[in-house]
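Remarks on the overall topology
One letter stands for each residue in the lines below.
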Amino acid sequence: MNKLSMMLLVMTLGSGLSAQAHEDVDFSKFQPKSNEKDVFLTIDADALTSAKSNFKNNLEIMEVRDGLAIIKTKESGVEFLSHMMHEEFHRCGGFMFHDNIDEATTELFNADNRALASKAIFANYTIDQQDTVEKLLPQVQASEIESSIRKLSSFKNRYYQADTGVQSQEWIKQRWLELAAGRSDVKVEFFDHASWKQPSVIMTIEGAVNPEEVIIVGGHADSISGYFGGASATAPGADDNASGMSSITEVIRVLMQNSYRPNKTIQFMGYAAEEVGLRGSKEVAASYKNAGKNVIGVMQLDMTNFKGSDEFDIVMMTDFTNADQNEFLGKIIDEYLEGLNWGYDKCGYGCSDHASWHSNGFPASMPFEARMKEMNKKIHTANDTIEISRGTASHAAKFSKLAVAFVVELDR
Ligand SMILES: [Zn+2]
């Protein structure tokens, strides 16, 4: 999380992995200066014991509720925690921050929003768009996704505070505009964030019949490496998360290539600053909530290209997501992605941007590359390259197909 004025992070209780100090996060290096700003962090409280034993006196537990806890530390501690959450709890993000204590407390007491987002039915989950879906799916090309992954991971890093993190968003914006050339119903814009330089990028395809109903497919566009690296680190992030952004770009390419004109509004998003506390998606989702937007479905694609599980191709996260929409995605896989196996797992609070939508009461799902314990272990290092996936994007292509079917079926 960046050098912020006041950030708040919260924690939740999960699988209770042992709280040993992490071998390659040397917490003795965390020596905050007294004049450093306080930060308050939101994370699964299963990390609470571990964080306490690692941060020692540099951490204060403010409040614990519903498995969530608010803790306070100094701002330079945020990336230590980010790395600890990744190494020990295998969470890509793993925490959420808030601009002030009130916001953090609201998040803590947000159980109603989360309950709504988990259980309510937000859309018609009938599957009956075979004519369109079966025409589009064969057009998904792993080679297109591969070249996009190679381009995005060629930036030294896509860190939220780095110039290269802005340049990578500019590349995505230009690529999406290029794909939508000639479409007056499509716009691609930056969503700027006041506290850091990397913008989020949003493509909007205006719905022709029910434009007020919004379908969202998103992923985070930033990358990170190590806990000291910051803006000068080598962070290719080929799987985390150039793969998700490239799976999304391929969905756009196929829809545009077929001049697909939706009934409802479809948006594709590349969020900034996920690695440091879901910051970009939190601001975007909160603005949708405040604007009273009718979001009928959100899919998060974060890490789609490492086939770590022999048993499963696609693993749906059950926590901080919508149960009926997850089941709908399972049915879509059975209907359209013959031969693919899917299952369920949990990834803990704040593990990726779907948690931002969930916390604001919107239906979200996160189909993931593998079971958590079998996911790509090279993320957040300089070794997160496409070679980890044998240099191809064949696994990521499955997620593009799933997203195409999701969008078309919801867009009935
Ligand atoms: Zn990620």
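On a predicted model such as this, the values are computed, not experimentally measured, just so you know. (Residues numbered from 1 in each chain as written. Predicted model: local features only at pLDDT ≥ 70, side-chain atom pairs only at ≥ 80, totals over all residues. Heavy atoms only, no water.)

Focus: the overall build of the protein
Along the protein, the regular secondary structure elements total twelve helices and 14 strands. Counting over 412 residues, the protein shows a buried share of 62%. In the protein, 85% of the contacts between residues at least 6 apart in sequence involve partners at least 24 apart. Element-wise, carbon and sulfur atoms account for 49% of the exposed surface of the protein, whose accessible area totals about 14,500 Å². The protein carries 40 positive and 58 negative side-chain charges, and their two centres are separated by 3 Å. (Helix = DSSP H or I, 4+ residues; strand = E, 2+ residues; numbered from the N terminus. Buried < 20%, exposed > 50% of the residue type's maximum accessible area, 1.4 Å probe, protein only. Contact = heavy atoms within 4.5 Å. Areas by Shrake-Rupley, 256 points an atom, 1.4 Å probe, with all protein chains shown as cover. Lys, Arg positive; Asp, Glu negative; His and termini not counted. Charge placed at Lys NZ, Arg CZ, Asp CG, Glu CD.)

Some points on the layout of surface pockets
The space that makes up the second largest pocket amounts to roughly 290 Å³. As for the second largest pocket, its lining consists of 16 residues, and the residues nearest its centre are Glu 103, Glu 107, Lys 282, Ala 286 and Asn 360. Within the residue set of the lining of the second largest pocket, elements represented by two or more residues are helix 3 (101-108), helix 9 (279-290) and helix 11 (354-359). Examining the composition of the lining of the second largest pocket, we find that five residues originate from one element, helix 9, more than from any other. Built from parts of two domains, the lining of the second largest pocket gets at least three residues from each of domain 1 (31-109) and domain 2 (120-410). (1 Å grid on protein atoms, 1.4 Å probe; cavity = no way out; pocket = protein on both sides within 12 Å on 5 of 7 lines; lining within 4 Å. Points joined across faces, edges and corners; volume = space filled by probe spheres on them. Domains from an automatic or database assignment.)

Regarding the environment of Leu 410
Its place among the elements puts Leu 410 in helix 12 (residues 394-410). Its relative accessible area of 1% is what places Leu 410 among the buried residues. Leu 410 sits 187 residues away from Ser 223 along the chain, and the two C-alpha atoms are 30 Å apart. Each residue touching Leu 410, except ones within four places of it in the same chain, is listed here: Ala 123, Asn 124, Tyr 125, Ile 215, Lys 264, Ile 296, Gly 297 and Phe 328.

Some remarks on the packing of aromatic side chains
For any pair of aromatic rings, geometry is given as the distance between the ring centres together with the angle between the planes. Under the counting rule described, the total for this entry stands at twelve aromatic pairs. Between the aromatic rings of Phe 30 and Phe 55, the centroid separation amounts to 5.3 Å while the plane-to-plane angle is 75°, which identifies the pairing as edge-to-face. On the criterion of sequence distance, the pair formed by Phe 30 in the loop between strand 1 (9-12) and strand 2 (38-44) and Phe 55 in helix 1 (residues 48-55) is long-range, its members being 25 residues apart. Taking 6.3 Å as the distance between ring centres and 50° as the angle between the ring planes, the aromatic pair formed by Phe 328 and Phe 406 counts as tilted. Here Phe 328, found in helix 10 (residues 323-336), pairs with Phe 406, found in helix 12; they are 78 residues apart in sequence, far enough to count as distant. The burial state of Phe 328 is the same as that of Phe 406; both residues are buried. (Phe/Tyr/Trp six-rings, centres within 6.5 Å; stacked < 30°, edge-to-face > 60°.)

Any link to function would need more than the numbers given here.
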